[in-house]
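# Fold and contact review
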Amino acid sequence: MASQEIETLASALARLPGLGPRSARRAVLWLVKRRETSLVQLLDALANVRETLVECDTCGNVDTSNPCGICASDKRDQRSLCVVEDVADLWALDRAKLFTGRYHVLGGRLSALEGVRPEDLRIGPLIDRVHAGGIDEVVLAMNATLEGQTTAHYIAERLEDAPVRITQLAHGLPVGGELDYLDEGTLAQALRARKPLG
Ligand SMILES: [Zn+2]
């Protein structure tokens, strides 16, 4: 019989990606046993994230500054823009250290099933950004899922009349594969072998 407090925390944790009710309850018990150490550290880290992290208005990245470090950097290639579904994908690509341009985070992918429409994503701002000029190449780095590819094709269509080269990751990516889960070597290879979208 768990107390209401523990149930409340467990059900909050169970909403985290990758954590089901069972592992959430196990995590709560683990924390309760370490309330003076690990629990305090977790509370501090959460408070810190809440206070310091902001979303970049330009690209949608999450960082301690707005514009984010990537958008603000003058060492980045301004002419190349990589479009990703989520911030986790941006971080995965950036860890691979192969792409030197800037990013645009959509905040998801189109999904008829889940009712995600173009206006629910940062597609409008992307089109505006590209039409504002100064960009030569748009790399569509969507996941190799049906919805990811639908999203890539939709964006390619919307950018048809923009004077940019549109490429996408080579799909040595496993089918159904999500960028965030790939090792850096596979990701780097997919980026290097990117090809025109058609
Ligand atoms: Zn940014």
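What counts, and at which threshold
- Residues numbered from 1 in each chain as written.
- Predicted model: local features only at pLDDT ≥ 70, side-chain atom pairs only at ≥ 80, totals over all residues.
- Helix = DSSP H or I, 4+ residues; strand = E, 2+ residues; numbered from the N terminus.
- Buried ≥ 20, exposed ≤ 12 C-beta atoms within 10 Å, placed from the backbone.
- Contact = placed C-beta atoms within 7 Å.
- Pairing = 2+ DSSP bridges.
- Domains from an automatic or database assignment.
- Core = buried A, V, L, I, M, F, W, Y, C linked by C-beta atoms within 7 Å.
- Arc of directions from axis to C-beta.
- Right-handed = clockwise from strand over helix to strand, strands pointing away.
- Axes fitted to C-alpha atoms, helices over the stretch in contact; angles between N-to-C directions.
- Parallel < 35°, antiparallel > 145°, perpendicular 65-115°, else oblique.
- Left-handed = near helix turned anticlockwise from the far one by under 90°.
- Nonpolar A, V, L, I, M, F, W, Y, C, P; charged D, E, K, R; others polar.

### Remarks on the overall build of the chain
The helix and strand tally for the chain stands at eight helices and seven strands. By principal-axis analysis of the C-alpha atoms, the chain measures approximately 60 × 35 × 35 Å. Taken across its 198 residues, the chain has 26% of its residues classed as buried. Look at the contacts in the chain between residues 6 or more apart in sequence, and 56% of them connect residues 24 or more apart.

### Observations regarding the environment of valine 62
Structurally, the position occupied by valine 62 is in strand E2 (residues 62-63). Among the residues examined, valine 62 registers 16 C-beta atoms within 10 Å and is labelled partly exposed. Measuring from C-alpha to C-alpha, the distance between valine 62 and valine 87 comes to 7.0 Å, with 25 residues separating the pair along the chain.

### Digging into the pairing of strand E3 (residues 80-84)
E3 sits mainly inside the fold: four of its five residues count as buried. In this sheet, strand E5 (residues 137-140) lies alongside E3 in parallel orientation, the contact comprising four bridges. Bridge pairing in E5 places valine 83 opposite leucine 140. Two elements, E3 and strand E4 (residues 102-105), share four bridges in a ladder whose sense is parallel. Bridge pairing in E4 links valine 84 to valine 105.

### As for unusual backbone geometry
Proline 67 follows asparagine 66 through a cis peptide bond whose omega is 0°. By the secondary structure assignment, proline 67 is in the loop between E2 and helix H4 (69-72).

### Section: the domain arrangement of the chain
According to the domain assignment, the chain consists of domain 1 (4-52) and domain 2 (56-196). Taken over C-alpha atoms, the centre of domain 1 sits 32 Å from the centre of domain 2.

### What to know about the nonpolar core
With 35 residues, the main nonpolar core has Cys82, Val83, Val84, Leu93, Val138, Leu140 and Ala141 as its most contacted residues. Of all the secondary structure elements, the ones that give two or more residues to this core are E3, helix H5 (87-95), E4, helix H6 (123-131), E5, helix H7 (146-158) and helix H8 (184-192). Filtering out sequence-adjacent residues up to four positions away, cysteine 82 remains in contact with Leu93, Phe99, Gly101, Tyr103, Val139 and Ala141.

### Points about the sheet that holds E4
Pairing within the open sheet is mixed, and its five strands lie in the order E4-E3-E5-E6-E7. Sheet topology places E4 and strand E7 (195-196) at the edges, where each strand pairs with a single neighbour.

### Here's the deal with H6
Of all the residues in H6, the buried ones are Ile123, Leu126 and Val130. Axial view of H6: buried residues confined to an arc of 55°, hence all on one face. Those residues of H6 that are exposed and angled more than 90 degrees off the buried face are Gly124 and Asp128. Taken from the residues just after H6, glycine 133 is the one with a positive phi, measuring 95°.

### A look at the pairing of strand E6 (residues 165-168)
Examined bridge by bridge, E5 and E6 share four bridges and lie parallel to one another. Residue pairing for E6: leucine 140 is matched across the bridge by glutamine 168. For the handedness criterion, the β-α-β arrangement of E5, H7 and E6 is classed as right-handed. Relative to E7, E6 is paired through two bridges, and the arrangement is antiparallel. Bridge pairing in E7 places glutamine 168 opposite lysine 195.

### Structural notes on the packing of helix H1 (residues 4-13) against helix H2 (residues 21-33)
Two elements in contact, H1 and H2, have axes whose closest approach is 8 Å; the angle formed by their N-to-C orientations is 125°. Taken as axis vectors, H1 and H2 run oblique relative to one another. Crossing handedness for the pair H1 and H2: right-handed. Between H1 and H2, the residues in contact are Ile6, Leu9, Ala10 and Leu13 and Pro21, Ala24, Arg25, Ala27 and Val28, respectively. Here the contact of H1 with H2 is built from residues that sort into eight nonpolar, no polar and one charged.

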